[in-house]
Amino acid sequence: MSHTTEVIATTEQWSAKNYKPLPVVISRGEGIWAWDIEGNRYLDCLSAYSALNQGHRHPRILKALIDQAAKVTVTSRAFHNETMGPMLEKLCRLCEMEMALPMNTGAEAVETAVKAARKWGYDVKGVPAEQAEIIVCRDNFHGRTTTVVSFSSEPQYRNGFGPFTPGFKLIDFGNAEQLERAITPNTVAFLVEPIQGEAGILIPPAGYLKKARELCSKNRVLFILDEIQTGLGRTGKLFAYQHEQNAKPDLVVIGKALGGGVYPVSAVVGSREVLGVFKPGDHGSTFGGNPLGAAVAIASMDVIIDEKLAEKSTQQGEYLMGKLRELRSEHVLEVRGRGLMIAVEIKKSSGEARPYCEKLMKLGILAKETHHQTIRLAPPLTIQRSELDLIVEAFKQVLQ
Ligand SMILES: *Cc1c(COP(=O)(O)O)cnc(C)c1O
């Protein structure tokens, strides 16, 4: 038995089967690269679903982690620590918002946004008790907790996990008329991803977010954007809503790359009117806002700004999409994306995306299919042009 087979066998024996990973065992990462335990090198085109926008083990982020670990790591919110405040200030300034509530994982931050919206609805908007409605989109992905899957439209995310949390209404993504019709006096929020990531990197029609913003303002509904995957430079802007004028949300939910690929850090960022509804004891998290995570988040944001990763994402994304389209493969229905959030859609007649990902892996490119037909390409934003050519070269071979 090879070492790889052995490790996979142990994992399979002891792990619940809620994932089906590609058969590669990663033991080291640096920048855009990952190495398996046999010493083979791969270009990481998944970036842990955009948790690694800054690349693996960015030296500045690692230094922040290590320096903070030498002082104090977890305090709980029962006491103050000197790192959380500056982290939230940086985050609020980056988002041009007034307040933030730190959590750890993305799903927890989405839950926090849902709670904030409901409480705002009752305390500020005056919605009758227990009547708050939140509008969401079909094919959304906002995480895996019981409440979050309560408003998923994906049968596999829900089957067997009911009863579900009520109070959510589903409409089609990208359809502003449906949003207008779905709003009632009890609607407290519209929660949406600016680009649907897990659904296959679906970009809404131009003007959609601006229109949604207008409808929300007109009806006193909170406009909440889940930028956990799209945020922090991934799509070529700091936040994906900045691709449109006047589409700024009331709450923005951030996670993944906020932790710089080393530590889970998430947050809900927004106005004082909304986040001000929380009083001591209303909501919390043992690890949320801990100094280790806060130090990491500060460095993670600094790297994104100082290394101009959003601008790089635009340039490199356009180059990569152009080169992939130039391949003119008969198996490819479409290459689409924004910045370095790219989808290569395989035609149904050419089979599913998974075997293409397996072939790419053998050529040293780690990419993961999303749903059945889509290969997602989302390398670290630090990737160089010559390295993009390696991706194109591998695609050329796999698509032949
Ligand atoms: C990954 C993701 C989440 C969930 O984040 P976790 O950290 O896995 O809980 C929520 N929303 C979007 C858009 C995501 O991509």
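About the thresholds
- Residues numbered from 1 in each chain as written.
- Predicted model: local features only at pLDDT ≥ 70, side-chain atom pairs only at ≥ 80, totals over all residues.
- Heavy atoms only, no water.
- Phe/Tyr/Trp six-rings, centres within 6.5 Å; stacked < 30°, edge-to-face > 60°.
- Helix = DSSP H or I, 4+ residues; strand = E, 2+ residues; numbered from the N terminus.
- Buried < 20%, exposed > 50% of the residue type's maximum accessible area, 1.4 Å probe, protein only.
- Lys NZ or Arg CZ within 6 Å of the ring centre and 35° of its normal.
- Contact = heavy atoms within 4.5 Å.
- Core = buried A, V, L, I, M, F, W, Y, C linked by side-chain atoms within 4.5 Å.

*Asks:* Even after reading the chapter, I still don't get the packing of aromatic side chains, so can you show me in this structure?
*Replies:* Centre-to-centre distance and the angle between the planes together describe a pair of aromatic rings. As enumerated under the stated definition, the model contains five aromatic pairs in all. Between F141 and Y157 the ring centres are 5.7 Å apart and the planes differ by 80°, which places this aromatic pair in the edge-to-face class. Of this pair, F141 sits in the loop between β5 (133-137) and α6 (146-150) while Y157 sits in helix α7 (residues 155-158); the two residues are 16 residues apart in sequence, bridging distant segments of the chain. Each member of the pair, F141 as well as Y157, carries the same accessibility label: buried. Relative to Y208, the ring of F173 has its centre 5.8 Å away and its plane inclined at 75°; by these criteria the two rings are edge-to-face. Here Y208 lies in helix α9 (residues 208-218) and F173 lies in the loop between β6 (168-171) and α8 (176-182), a separation of 35 residues in the sequence. Assigned by exposure class, F173 and Y208 land together as buried. Here the basic side chain of R28 rests over the ring of W35, its NZ or CZ set 4.0 Å away from the ring centre. One Lys or Arg, R41, reaches over the ring of W33 and ends 3.5 Å from the middle of that ring.

*Asks:* How do you make sense of the environment of M103 when you look at a structure like this?
*Replies:* Within the element layout of this structure, M103 appears in strand β4 (residues 99-103). Once the C-alpha coordinates of M103 and R336 are considered, the two residues, 233 residues apart in sequence, prove to be 32 Å apart. Once residues lying within four places of it in the same chain are set aside, the contact partners of M103 are E108, A109, T112, V265, S266, A267, H283, G284, S285 and G288.

*Asks:* Whenever I open this one, the nonpolar core confuses me. Can you help?
*Replies:* Soluble, globular proteins show a tendency: their nonpolar side chains are buried together. By size, the foremost hydrophobic cluster in this structure holds 85 residues, and its most contacted members are L91, F190, V269, I375, L377 and I391. Element by element, the count of residues in this core is highest for helix α11 (residues 291-306), at nine residues. Core analysis: the second largest hydrophobic core is formed by 29 residues, V136, V148, I224 and F278 among them.

Geometry only, nothing functional implied.
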